[in-house]
Amino acid sequence: MTAAPADAPGLEALSPGATVLLKRLDALLEGLGTGSGAAPMIMPPLLPVAALSRLDVYDNFPHQALVVSTLDLTHHQEGEKCEEFAPDALEPALFGLPSAACFAVYLHHEGRALPDGTTVTVLGRCFRREEHYDGLRRLLGFHMREIVALGSYEFTQEHLHRFEERITALADALGLAVRKEAATDPFYDRGGQRALLQRLSPVKHEFLVDGLAIASLNVHRNFFGERCGITLDGTGQPVHTSCAAFGLERWLSVLYARFGSWEAATEAVVEAASALDGGALTGGAER
(Lines give C-alpha, C1' and ligand atoms only; values in the text may rest on other atoms or scores of the structure.)
Protein backbone atom coordinates (compact mmCIF):
# COMPACT_ATOMS: atom_id res chain seq x y z
CA MET A 1 0.00 0.00 0.00
CA THR A 2 2.47 2.62 1.18
CA ALA A 3 6.00 2.89 2.48
CA ALA A 4 7.37 4.55 5.59
CA PRO A 5 10.96 4.93 6.73
CA ALA A 6 11.67 2.42 9.50
CA ASP A 7 12.83 5.17 11.85
CA ALA A 8 9.96 7.55 11.12
CA PRO A 9 6.71 6.11 12.50
CA GLY A 10 3.58 7.94 11.44
CA LEU A 11 5.11 9.22 8.21
CA GLU A 12 3.72 7.37 5.20
CA ALA A 13 4.49 7.91 1.52
CA LEU A 14 1.50 7.51 -0.79
CA SER A 15 2.03 5.39 -3.88
CA PRO A 16 1.04 6.81 -7.29
CA GLY A 17 -2.28 4.96 -7.12
CA ALA A 18 -3.01 6.21 -3.61
CA THR A 19 -2.10 9.75 -4.66
CA VAL A 20 -4.54 9.66 -7.56
CA LEU A 21 -7.27 8.41 -5.22
CA LEU A 22 -6.57 11.11 -2.64
CA LYS A 23 -6.84 13.84 -5.28
CA ARG A 24 -10.06 12.40 -6.71
CA LEU A 25 -11.57 12.05 -3.27
CA ASP A 26 -10.57 15.55 -2.21
CA ALA A 27 -12.03 17.05 -5.38
CA LEU A 28 -15.34 15.38 -4.53
CA LEU A 29 -15.23 16.60 -0.92
CA GLU A 30 -14.25 20.12 -1.93
CA GLY A 31 -17.25 20.08 -4.25
CA LEU A 32 -19.51 19.35 -1.29
CA GLY A 33 -18.48 22.73 0.06
CA THR A 34 -18.24 24.86 -3.07
CA GLY A 35 -21.51 23.38 -4.32
CA SER A 36 -23.30 25.06 -1.42
CA GLY A 37 -21.40 28.34 -1.60
CA ALA A 38 -18.21 27.71 0.36
CA ALA A 39 -15.22 29.81 -0.66
CA PRO A 40 -12.13 27.66 -1.32
CA MET A 41 -9.02 28.94 0.47
CA ILE A 42 -5.42 27.87 1.14
CA MET A 43 -4.22 28.51 4.68
CA PRO A 44 -0.68 28.81 6.07
CA PRO A 45 1.00 25.52 7.02
CA LEU A 46 2.18 26.96 10.35
CA LEU A 47 0.29 29.06 12.89
CA PRO A 48 1.67 31.33 15.62
CA VAL A 49 1.94 29.62 19.00
CA ALA A 50 0.55 32.78 20.63
CA ALA A 51 -2.56 32.63 18.44
CA LEU A 52 -3.13 28.92 19.07
CA SER A 53 -2.72 29.56 22.77
CA ARG A 54 -5.57 32.10 22.64
CA LEU A 55 -7.72 29.25 21.30
CA ASP A 56 -6.79 27.04 24.30
CA VAL A 57 -5.12 24.53 21.98
CA TYR A 58 -2.31 23.82 24.45
CA ASP A 59 -4.73 23.48 27.36
CA ASN A 60 -7.21 21.25 25.57
CA PHE A 61 -4.93 19.24 23.27
CA PRO A 62 -1.52 19.10 24.99
CA HIS A 63 -1.06 15.46 23.99
CA GLN A 64 -1.22 16.37 20.30
CA ALA A 65 0.92 19.51 20.35
CA LEU A 66 3.84 19.88 17.96
CA VAL A 67 5.83 23.09 17.50
CA VAL A 68 8.55 24.32 15.16
CA SER A 69 11.82 25.83 16.32
CA THR A 70 14.75 27.39 14.53
CA LEU A 71 18.24 26.21 15.44
CA ASP A 72 21.22 27.75 17.14
CA LEU A 73 24.13 25.79 15.65
CA THR A 74 26.89 27.92 17.11
CA HIS A 75 28.60 24.84 18.49
CA HIS A 76 27.83 22.54 15.60
CA GLN A 77 30.89 20.94 14.04
CA GLU A 78 31.05 20.90 10.26
CA GLY A 79 30.40 17.40 8.95
CA GLU A 80 28.87 16.24 12.23
CA LYS A 81 25.91 13.97 11.54
CA CYS A 82 22.73 14.92 13.38
CA GLU A 83 20.07 12.41 14.31
CA GLU A 84 18.39 14.78 16.76
CA PHE A 85 18.94 18.19 18.33
CA ALA A 86 19.26 18.74 22.07
CA PRO A 87 17.08 21.39 23.75
CA ASP A 88 19.99 23.82 24.07
CA ALA A 89 20.26 23.93 20.26
CA LEU A 90 16.64 25.00 19.88
CA GLU A 91 15.55 28.61 19.83
CA PRO A 92 12.12 29.60 21.19
CA ALA A 93 9.35 27.89 19.23
CA LEU A 94 7.13 30.62 17.80
CA PHE A 95 5.08 28.51 15.42
CA GLY A 96 2.91 25.44 15.86
CA LEU A 97 1.88 22.64 13.53
CA PRO A 98 -1.94 22.67 13.53
CA SER A 99 -3.83 19.57 14.62
CA ALA A 100 -6.98 20.67 12.75
CA ALA A 101 -7.49 22.67 9.57
CA CYS A 102 -10.23 24.91 10.94
CA PHE A 103 -7.99 26.78 13.41
CA ALA A 104 -6.45 28.73 10.53
CA VAL A 105 -9.91 29.73 9.28
CA TYR A 106 -10.86 31.36 12.57
CA LEU A 107 -7.51 33.12 12.90
CA HIS A 108 -7.78 34.41 9.32
CA HIS A 109 -11.14 36.03 10.11
CA GLU A 110 -9.99 37.46 13.44
CA GLY A 111 -11.50 40.87 14.23
CA ARG A 112 -13.86 40.85 11.24
CA ALA A 113 -17.61 41.28 10.95
CA LEU A 114 -19.04 38.57 8.68
CA PRO A 115 -22.38 38.15 6.94
CA ASP A 116 -24.52 35.30 8.13
CA GLY A 117 -23.95 32.19 6.08
CA THR A 118 -20.20 32.59 5.58
CA THR A 119 -18.67 29.25 4.57
CA VAL A 120 -15.07 28.37 3.79
CA THR A 121 -13.49 25.11 2.65
CA VAL A 122 -9.80 24.30 3.12
CA LEU A 123 -7.45 21.38 2.65
CA GLY A 124 -5.00 21.42 5.54
CA ARG A 125 -1.88 19.48 6.42
CA CYS A 126 -2.44 18.52 10.04
CA PHE A 127 -0.12 17.01 12.62
CA ARG A 128 -0.82 15.05 15.79
CA ARG A 129 1.52 13.41 18.24
CA GLU A 130 -0.04 10.05 19.05
CA GLU A 131 0.81 7.22 21.43
CA HIS A 132 1.04 4.91 18.44
CA TYR A 133 0.71 5.04 14.66
CA ASP A 134 -1.01 2.57 12.39
CA GLY A 135 -0.45 2.85 8.64
CA LEU A 136 -2.91 5.27 7.05
CA ARG A 137 -5.33 4.85 9.93
CA ARG A 138 -3.31 6.96 12.36
CA LEU A 139 -0.55 9.30 11.17
CA LEU A 140 1.76 11.97 12.49
CA GLY A 141 1.06 14.13 9.45
CA PHE A 142 -2.04 13.87 7.25
CA HIS A 143 -4.49 15.75 5.01
CA MET A 144 -7.75 17.11 6.37
CA ARG A 145 -10.51 18.59 4.21
CA GLU A 146 -12.86 20.84 6.18
CA ILE A 147 -15.96 22.83 5.34
CA VAL A 148 -16.38 25.52 7.98
CA ALA A 149 -19.53 27.57 8.67
CA LEU A 150 -19.50 30.96 10.44
CA GLY A 151 -22.68 32.84 11.23
CA SER A 152 -25.80 32.57 13.33
CA TYR A 153 -26.56 29.59 15.54
CA GLU A 154 -29.33 28.57 13.14
CA PHE A 155 -27.02 28.65 10.12
CA THR A 156 -24.31 26.57 11.78
CA GLN A 157 -26.85 23.96 12.82
CA GLU A 158 -28.25 23.85 9.29
CA HIS A 159 -24.69 23.32 8.05
CA LEU A 160 -24.33 20.25 10.30
CA HIS A 161 -27.64 18.76 9.20
CA ARG A 162 -26.77 19.29 5.52
CA PHE A 163 -23.41 17.58 5.84
CA GLU A 164 -24.74 14.68 7.86
CA GLU A 165 -26.96 13.91 4.88
CA ARG A 166 -24.04 14.28 2.48
CA ILE A 167 -21.67 12.09 4.47
CA THR A 168 -24.34 9.39 4.71
CA ALA A 169 -25.16 9.63 1.01
CA LEU A 170 -21.50 9.41 0.02
CA ALA A 171 -20.88 6.41 2.27
CA ASP A 172 -23.94 4.68 0.81
CA ALA A 173 -22.76 5.37 -2.73
CA LEU A 174 -19.41 3.80 -1.90
CA GLY A 175 -20.91 0.82 -0.09
CA LEU A 176 -19.36 1.76 3.25
CA ALA A 177 -21.19 0.69 6.40
CA VAL A 178 -20.88 3.89 8.41
CA ARG A 179 -21.96 4.40 12.02
CA LYS A 180 -22.57 7.79 13.65
CA GLU A 181 -21.33 8.11 17.22
CA ALA A 182 -21.13 10.94 19.74
CA ALA A 183 -17.56 11.81 20.71
CA THR A 184 -15.83 14.39 22.86
CA ASP A 185 -13.65 17.28 21.78
CA PRO A 186 -12.53 19.48 24.69
CA PHE A 187 -12.88 22.90 23.09
CA TYR A 188 -14.13 24.06 26.48
CA ASP A 189 -12.71 24.22 29.99
CA ARG A 190 -13.67 20.88 31.53
CA GLY A 191 -14.70 22.58 34.77
CA GLY A 192 -16.74 25.42 33.27
CA GLN A 193 -20.30 25.99 32.18
CA ARG A 194 -19.38 25.21 28.59
CA ALA A 195 -18.17 21.78 29.69
CA LEU A 196 -21.50 21.12 31.37
CA LEU A 197 -23.32 22.17 28.21
CA GLN A 198 -21.07 19.87 26.18
CA ARG A 199 -22.05 16.89 28.33
CA LEU A 200 -25.73 17.74 27.90
CA SER A 201 -25.39 18.34 24.15
CA PRO A 202 -22.36 16.70 22.46
CA VAL A 203 -20.28 19.03 20.31
CA LYS A 204 -18.74 16.31 18.13
CA HIS A 205 -20.15 13.38 16.21
CA GLU A 206 -17.91 10.97 14.34
CA PHE A 207 -18.73 8.71 11.40
CA LEU A 208 -16.97 5.37 11.78
CA VAL A 209 -16.21 2.53 9.38
CA ASP A 210 -14.84 -0.64 11.01
CA GLY A 211 -14.15 1.33 14.18
CA LEU A 212 -12.22 4.09 12.39
CA ALA A 213 -13.49 7.68 12.38
CA ILE A 214 -13.29 8.95 8.78
CA ALA A 215 -15.39 12.11 9.18
CA SER A 216 -16.76 14.28 11.94
CA LEU A 217 -19.29 17.05 12.51
CA ASN A 218 -18.25 19.63 15.08
CA VAL A 219 -20.17 22.46 16.71
CA HIS A 220 -18.22 25.08 18.65
CA ARG A 221 -21.11 27.41 19.50
CA ASN A 222 -19.63 30.93 19.81
CA PHE A 223 -16.29 29.83 21.32
CA PHE A 224 -14.10 30.80 18.35
CA GLY A 225 -16.21 33.85 17.62
CA GLU A 226 -15.49 35.12 21.12
CA ARG A 227 -11.78 34.20 21.17
CA CYS A 228 -11.08 35.66 17.73
CA GLY A 229 -13.39 38.65 17.92
CA ILE A 230 -15.37 37.52 14.85
CA THR A 231 -18.80 39.12 14.88
CA LEU A 232 -22.01 38.72 12.95
CA ASP A 233 -22.51 41.66 10.62
CA GLY A 234 -25.32 43.91 11.79
CA THR A 235 -25.55 42.50 15.31
CA GLY A 236 -22.06 42.83 16.76
CA GLN A 237 -22.51 39.44 18.45
CA PRO A 238 -19.82 36.74 18.24
CA VAL A 239 -20.41 34.33 15.39
CA HIS A 240 -21.22 30.70 15.98
CA THR A 241 -19.14 28.14 14.07
CA SER A 242 -19.41 24.53 13.00
CA CYS A 243 -17.48 22.33 10.61
CA ALA A 244 -17.47 19.06 8.72
CA ALA A 245 -14.05 17.40 8.68
CA PHE A 246 -12.66 14.52 6.61
CA GLY A 247 -9.37 12.73 7.28
CA LEU A 248 -8.31 11.84 3.75
CA GLU A 249 -5.76 9.13 4.52
CA ARG A 250 -8.31 7.42 6.74
CA TRP A 251 -10.75 7.40 3.84
CA LEU A 252 -8.01 5.89 1.67
CA SER A 253 -7.51 3.15 4.25
CA VAL A 254 -11.15 2.08 4.33
CA LEU A 255 -11.59 2.43 0.55
CA TYR A 256 -8.57 0.20 -0.11
CA ALA A 257 -9.95 -2.37 2.33
CA ARG A 258 -13.37 -2.15 0.67
CA PHE A 259 -12.28 -2.41 -2.98
CA GLY A 260 -8.94 -4.26 -2.83
CA SER A 261 -6.86 -1.90 -4.99
CA TRP A 262 -6.24 1.79 -5.52
CA GLU A 263 -7.53 1.59 -9.07
CA ALA A 264 -10.82 -0.03 -8.06
CA ALA A 265 -11.27 2.43 -5.20
CA THR A 266 -10.60 5.39 -7.52
CA GLU A 267 -13.12 4.08 -10.03
CA ALA A 268 -15.69 3.75 -7.23
CA VAL A 269 -15.10 7.37 -6.12
CA VAL A 270 -15.47 8.61 -9.70
CA GLU A 271 -18.69 6.62 -10.13
CA ALA A 272 -20.04 7.90 -6.79
CA ALA A 273 -19.29 11.50 -7.77
CA SER A 274 -21.03 10.99 -11.11
CA ALA A 275 -24.06 9.30 -9.57
CA LEU A 276 -24.48 12.01 -6.95
CA ASP A 277 -23.67 14.97 -9.20
CA GLY A 278 -26.53 17.43 -9.45
CA GLY A 279 -28.30 16.06 -6.40
CA ALA A 280 -28.53 17.27 -2.81
CA LEU A 281 -25.08 15.89 -2.05
CA THR A 282 -23.26 18.45 -4.21
CA GLY A 283 -25.68 21.29 -3.70
CA GLY A 284 -27.21 20.97 -7.16
CA ALA A 285 -30.72 20.85 -5.70
CA GLU A 286 -30.10 24.16 -3.94
CA ARG A 287 -29.16 26.16 -7.03
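None of the values given here were measured: they were computed from a predicted structure. (Residues numbered from 1 in each chain as written. Predicted model: local features only at pLDDT ≥ 70, side-chain atom pairs only at ≥ 80, totals over all residues. Heavy atoms only, no water.)

**Q** Hey, could you run me through the sheet that holds strand β10 (residues 179–183) in this one?
**A** Backbone hydrogen bonds hold the strands of a sheet together, and the pairing may be parallel or antiparallel. Strand order in this open sheet of seven strands is β3-β8-β9-β14-β12-β11-β10, and the pairing throughout is mixed. Pairing within the sheet leaves two strands with one partner each, and these edge strands are β3 (39–41) and β10. Pairwise comparison of adjacent strand axes, ignoring direction, gives a mean angle of 20 degrees for this sheet. In this sheet, strand β14 (residues 240–247) lies alongside strand β12 (residues 212–221) in antiparallel orientation, the contact comprising six bridges. The residue of β14 that forms the bridge with Leu217 is Ala244. Of the strands in this sheet, β3, β8 (118–127), β9 (141–151) and β14 touch helix α1 (residues 16–34), which is tilted by about 5 degrees from β9. (Pairing = 2+ DSSP bridges. Helix = DSSP H or I, 4+ residues; strand = E, 2+ residues; numbered from the N terminus. Axes fitted to C-alpha atoms, helices over the stretch in contact; angles between N-to-C directions. Contact = heavy atoms within 4.5 Å.)

**Q** Got a minute to help me understand the sheet that holds strand β6 (residues 95–96) in this structure?
**A** The strand order β4-β6-β5 describes an open sheet built from three strands, whose pairing is antiparallel. In the strand order of this sheet, the two ends are held by β4 (47–48) and β5 (67–68), each with one partner. Two elements, β4 and β6, share two bridges in a ladder whose sense is antiparallel. Paired with Pro48 across the strands is Phe95, a residue of β6.

**Q** I tried to follow the pattern of salt bridges on my own but got confused; where do I start?
**A** Opposite charge on two side chains allows them to pair when their charged atoms are near. Enumeration according to the criterion identifies eight salt bridges in this entry. A salt bridge links Arg145 to Asp26; the nearest nitrogen and oxygen atoms lie 2.8 Å apart. In this pair, Arg145 is assigned in strand β9 and Asp26 in helix α1, connecting sequence segments 119 residues apart. Here Arg145 and Asp26 have matching classes, each one buried. A salt bridge links Asp134 to Arg137; its shortest N-O distance comes to 3.5 Å. (Salt bridge = Lys/Arg side-chain N within 4 Å of Asp/Glu carboxyl O. Buried < 20%, exposed > 50% of the residue type's maximum accessible area, 1.4 Å probe, protein only.)

**Q** Teacher, can you tell me more about the pairing of β14 here?
**A** Consecutive side chains of a regular strand alternate in pointing toward one face of the sheet and then the other. Across the eight residues that make up β14, a large majority, eight, are buried. Of the two faces of β14, both are covered, the one formed by His240, Ser242, Ala244 and Phe246 as well as the one formed by Thr241, Cys243, Ala245 and Gly247. In terms of strand pairing, β9 meets β14 through eight bridges, oriented antiparallel. By the bridge assignment for β14, Ile147 is matched with Ala244.

**Q** Explanation requested: a nonpolar patch on the surface in the structure shown.
**A** On the surface, Leu46, Val68, Leu94 and Phe95 cluster together into a nonpolar patch covering about 330 Å² of accessible area. Within the secondary structure, Phe95 sits in strand β6. (Patch = residues over 30% accessible without salt bridge, like charges linked within 9 Å, V, L, I, M, F, W, Y side chains within 5 Å. Areas by Shrake-Rupley, 256 points an atom, 1.4 Å probe, with all protein chains shown as cover.)

**Q** What's the story with the packing of α1 against helix α5 (residues 153–173) in this structure? I'm lost.
**A** Two quantities define a packed helix pair, namely the angle between the axes and the distance from one axis to the other. Packing of α1 against α5 brings their axes to within 12 Å, and their N-to-C directions diverge by 150 degrees. It follows from the interaxial angle that α1 and α5 lie roughly antiparallel. Taken as a pair, α1 and α5 cross one another with a handedness that is right-handed. Every residue of α5 that contacts α1 at Leu28, Leu29, Leu32 and Gly33 is listed here: Phe163, Arg166 and Leu170. (Parallel < 35°, antiparallel > 145°, perpendicular 65-115°, else oblique. Left-handed = near helix turned anticlockwise from the far one by under 90°.)

**Q** Got a minute to help me understand unusual backbone geometry in this structure?
**A** In terms of backbone geometry, most residues other than glycine have negative phi values and most peptide bonds are trans. Of note, the phi angle at Asp56 is positive, near 65 degrees, even though the residue is not glycine. Mapped onto the secondary structure, Asp56 falls in the loop between α2 (49–54) and α3 (57–60). The buried category is assigned to Asp56, whose relative accessible area is 15%. The phi angle at Arg221 is positive, at roughly 50 degrees, despite the residue not being glycine.

**Q** Which parts of the structure should I look at to understand the packing of aromatic side chains?
**A** The geometry of an aromatic ring pair is captured by the separation of the ring centres together with the interplanar angle, meaning the angle of the planes. In this structure the tally under the stated criterion is five aromatic pairs. Pairing Tyr256 with Trp262 gives two aromatic rings, centres 4.6 Å apart and planes at 50 degrees, and the pair type is tilted. What makes Tyr256 partly exposed here is its relative accessible area of 24%. For Trp262, a relative accessible area of 8% puts it in the buried group. One aromatic cluster is present, built from ring pairs that chain together Phe103, Tyr106, Phe223 and Phe224. Its end group placed over the ring of Phe163, Arg166 keeps NZ or CZ at 5.2 Å from the ring centre. Taking the ring centre of Phe259 as reference, the NZ or CZ of Arg258 above it sits at 4.6 Å. (Phe/Tyr/Trp six-rings, centres within 6.5 Å; stacked < 30°, edge-to-face > 60°. Lys NZ or Arg CZ within 6 Å of the ring centre and 35° of its normal.)

**Q** For this particular structure, what's the right way to read the state of the cysteines?
**A** Disulfide: a covalent bond formed between the sulfur atoms of two cysteine residues. In the structure shown here, the tally under the stated rule is zero disulfides. Left without a disulfide partner, Cys102 is nearest to the cysteine sulfur of Cys243, which lies 4.4 Å away. Since its relative accessible area comes to 2%, Cys243 is described here as buried. (Disulfide = S-S within 2.5 Å.)

Any link to function would need more than the numbers given here.
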